[in-house]
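# Descriptive structure summary
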Amino acid sequence: MTAKKIDGRAMAKEVREEVKVSVAKRIAAGKPKPGLATVLVGSDPASEVYVGMKKRMCENLGMNSFAHTLEADASQEEVEALVSKLNADPAVNGILVQLPLPDHLDEEKILQAVDITKDIDGFHPINIGRLAQKGRESLFVPCTPNGCLVMLDKSGVDLEGANAVVLGRSNIVGMPMALLLVKRNATVTICHSRTKNLPEICAEADILIAAVGRAEMVKKEWVKPGAVVIDVGTHRIDDDTKEKGYYLTGDVAFDEVSEVADAVSPSPGGVGPMTIAMLMRNTLRAAEIQQD
Ligand code: GUN
């Protein structure tokens, strides 16, 4: 069997088009442009790339973007003061504090300082808490796991009663992913670095979400024939034989897993573009919540 490729790039384009049309309608109706503020502390190269991509995407979809960069040694007070200023700015509908933050900063306190109606990352404890509670809707759902869910839905995967295994328990991906899958009535197992018999547990999954942070860790033997696999990882591997001197890959050994799975999302070209599309959708939603 050769698995179907879950084309996150094409799916993300559909989402972006919808957002673009809605943004244009708001502007035609005399409403302000939705605006996203990003806060980057320090100069981590990967974070700089991500923040730059978010800024360009806002502009492509007709939204404003306000990029703020603080020095790597910025104090807790400075970061919180910036967040407060953005909370009070009506031109800013969404606030994204790029993670990870430098170690000296208290991440939880900073995320808690974001106004929950501007929390387009869905990382505020109230939004995450609501996601964990039956019948309570969060205002915003974290972009990466929500993007994975949209990819599953667009691929026609039935989640009801399915065995889903989430590899990874991070605040950004694994934990909210598991909560979202439970909300959709999947039977969910969360695996992490201390999990015993990892390959065997993964091989029970109808749906396997790989957010483990290790290049090509998920092998063919870890995947049940006919399973659906979503690869959240992105890794840059040095390789002198490539023109750029490196190549990108995911948490999943794509070629061999494609021999057994029913469908696999590639990395790059899967979850990455979908995450940014979800961020744009959340920013539009923030403008709707605040202005309609
Ligand atoms: N770092 C890695 N992924 C994310 C994300 O989705 N949001 C933020 N704010 N930081 C990240």
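It should be noted that the structure appears before, not after, this text.
In this report, we go over the structure that sits alongside the text. The written sequence of each chain sets the order in which its residues are numbered from 1. In keeping with the model being predicted, local features are shown solely for residues with a pLDDT of at least 70 and side-chain atom pairs are shown and tallied solely at 80 or more, while totals for entire chains, interfaces and linings include all residues. With hydrogens and water set aside, each side-chain value is computed from the structure's full complement of heavy atoms.

Once that is clear, we can look at the packing of aromatic side chains. Think of it this way: a Phe, Tyr or Trp ring, Trp meaning its six-membered ring, pairs with another when their centres are within 6.5 Å, and the plane angle makes it stacked under 30 degrees, edge-to-face over 60, tilted otherwise. All chains considered together, the criterion is met by zero aromatic pairs. Consider the ring centre and the ring normal. A charge sits over the ring if Lys NZ or Arg CZ is within 6 Å of that centre and within 35 degrees of that normal. Arg236 extends its terminal NZ or CZ atom over the ring of Tyr246, reaching a point 3.8 Å from the ring centre. When the ring centre of Tyr247 is taken as reference, the NZ or CZ atom of Lys242 above it lies at 5.8 Å.

Turning our attention to the packing of helix α6 (residues 143-154) against helix α7 (residues 174-183). Comment: axis = line fitted to C-alpha atoms, over the contacting stretch for helices; angle = value between 0 and 180 degrees taken between N-to-C directions. Under the scheme used here, helices are H or I runs from DSSP no shorter than 4 residues and strands are E runs no shorter than 2 residues, and both carry numbers assigned from the N terminus. Running from N to C, α6 and α7 point in directions that differ by 40 degrees, and their axes come no closer than 9 Å. The angle between the axes of α6 and α7 places the two elements in the oblique class. Considering the relative orientation of α6 and α7, their crossing is right-handed. Along the contact surface, α6 presents Pro145, Asn146, Cys148, Leu149 and Leu152, while α7 presents Pro176, Met177, Leu180 and Leu181. Grouping the constituent residues of the contact of α6 with α7 by class yields eight nonpolar, one polar and no charged. Here is the rule for angles: anything less than 35 degrees is roughly parallel, anything more than 145 is roughly antiparallel, 65 through 115 is roughly perpendicular, and the remaining ranges are oblique. What makes a crossing left-handed is the near helix being turned counterclockwise from the far one by less than a right angle; a clockwise turn instead makes it right-handed. Throughout, a contact is declared for two residues whenever any of their heavy atoms are within 4.5 Å. For this classification, Asp, Glu, Lys and Arg are treated as charged, while Ala, Val, Leu, Ile, Met, Phe, Trp, Tyr, Cys and Pro are nonpolar and the rest, including Gly, are polar.

Moving on, we get to the nonpolar core. Soluble globular proteins: nonpolar side chains tend toward being buried together. Buried Ala, Val, Leu, Ile, Met, Phe, Trp, Tyr and Cys residues form a nonpolar core when they are joined through side-chain atoms within 4.5 Å. The cut-offs for exposure are 20% and 50% of the maximum accessible area for each residue type, with area from a 1.4 Å probe on protein chains only; residues under the lower value are buried, those over the upper are exposed, and the others partly exposed. Core analysis: the biggest nonpolar cluster contains 49 residues, and Leu152, Leu181, Ile209, Met274 and Met280 have the highest contact counts within it. If you list the elements that add at least two residues to this core, you get α1 (8-28), α2 (45-60), α6, β5 (163-167), α7, β7 (207-210), β8 (228-231) and α10 (271-291). A per-element tally of this core places α10 first, with nine residues. Once residues lying within four places of it in the same chain are set aside, the contact partners of Ile209 are Leu152, Val165, Val166, Leu167, Met177, Leu181, Ile230 and Val232. Ranked by size, the runner-up nonpolar core spans 20 residues in total, among them Val165, Cys191, Ala205 and Trp222.

What follows deals with the side chain of Asp239. If you trace the backbone, Asp239 turns up in the loop between β9 (235-238) and β10 (246-249). Leaving out residues up to four positions away in the same chain, Asp239 has contacts with Gly245, Tyr246 and Tyr247.

Let us now look at a negative patch on the surface. Together, Glu71, Asp73, Glu77 and Glu78 make up a negatively charged patch on the protein surface. Mapping Glu71 onto the fold places it in the loop between β3 (64-70) and α3 (76-88). Patch criteria: residues need more than 30% relative accessible area and no salt bridge. Like-charged residues are merged within 9 Å; nonpolar side chains of Val, Leu, Ile, Met, Phe, Trp and Tyr are merged within 5 Å. Here, Shrake-Rupley sampling with a 1.4 Å probe gives the accessible areas, and only protein chains in the shown set may cover a residue. When a carboxyl oxygen of Asp or Glu lies within 4 Å of a side-chain nitrogen of Lys or Arg, that pair is called a salt bridge. Note that His is not counted, nor are the chain ends; the positive residues are Lys and Arg, and the negative ones are Asp and Glu. To locate a charge, take NZ of a lysine, CZ of an arginine, CG of an aspartate or CD of a glutamate.

As a further point, take the pattern of salt bridges. Under the defined criterion, the tally for this structure stands at nine salt bridges. Beyond isolated ion pairs, a larger network of salt bridges with shared partners links Arg26, Lys31 and Asp292.

Before going further, it helps to examine α6. Expected span of a helix: the number of residues minus one, times 1.5 Å. When the terminal C-alpha atoms of α6 are compared, their 16 Å separation across 12 residues agrees well with the 16 Å that a helix rising 1.5 Å per residue should span. Summarising burial for α6: 10 of the 12 residues are buried, a large majority. Residues of α6 that are buried include every one of Cys143, Thr144, Pro145, Asn146, Gly147, Cys148, Leu149, Val150, Met151 and Leu152, and no others. Gly156 lies just past α6 and shows a positive phi near 75 degrees.

Note that every value here comes from positions in space, so none of it alone points to a role or purpose.
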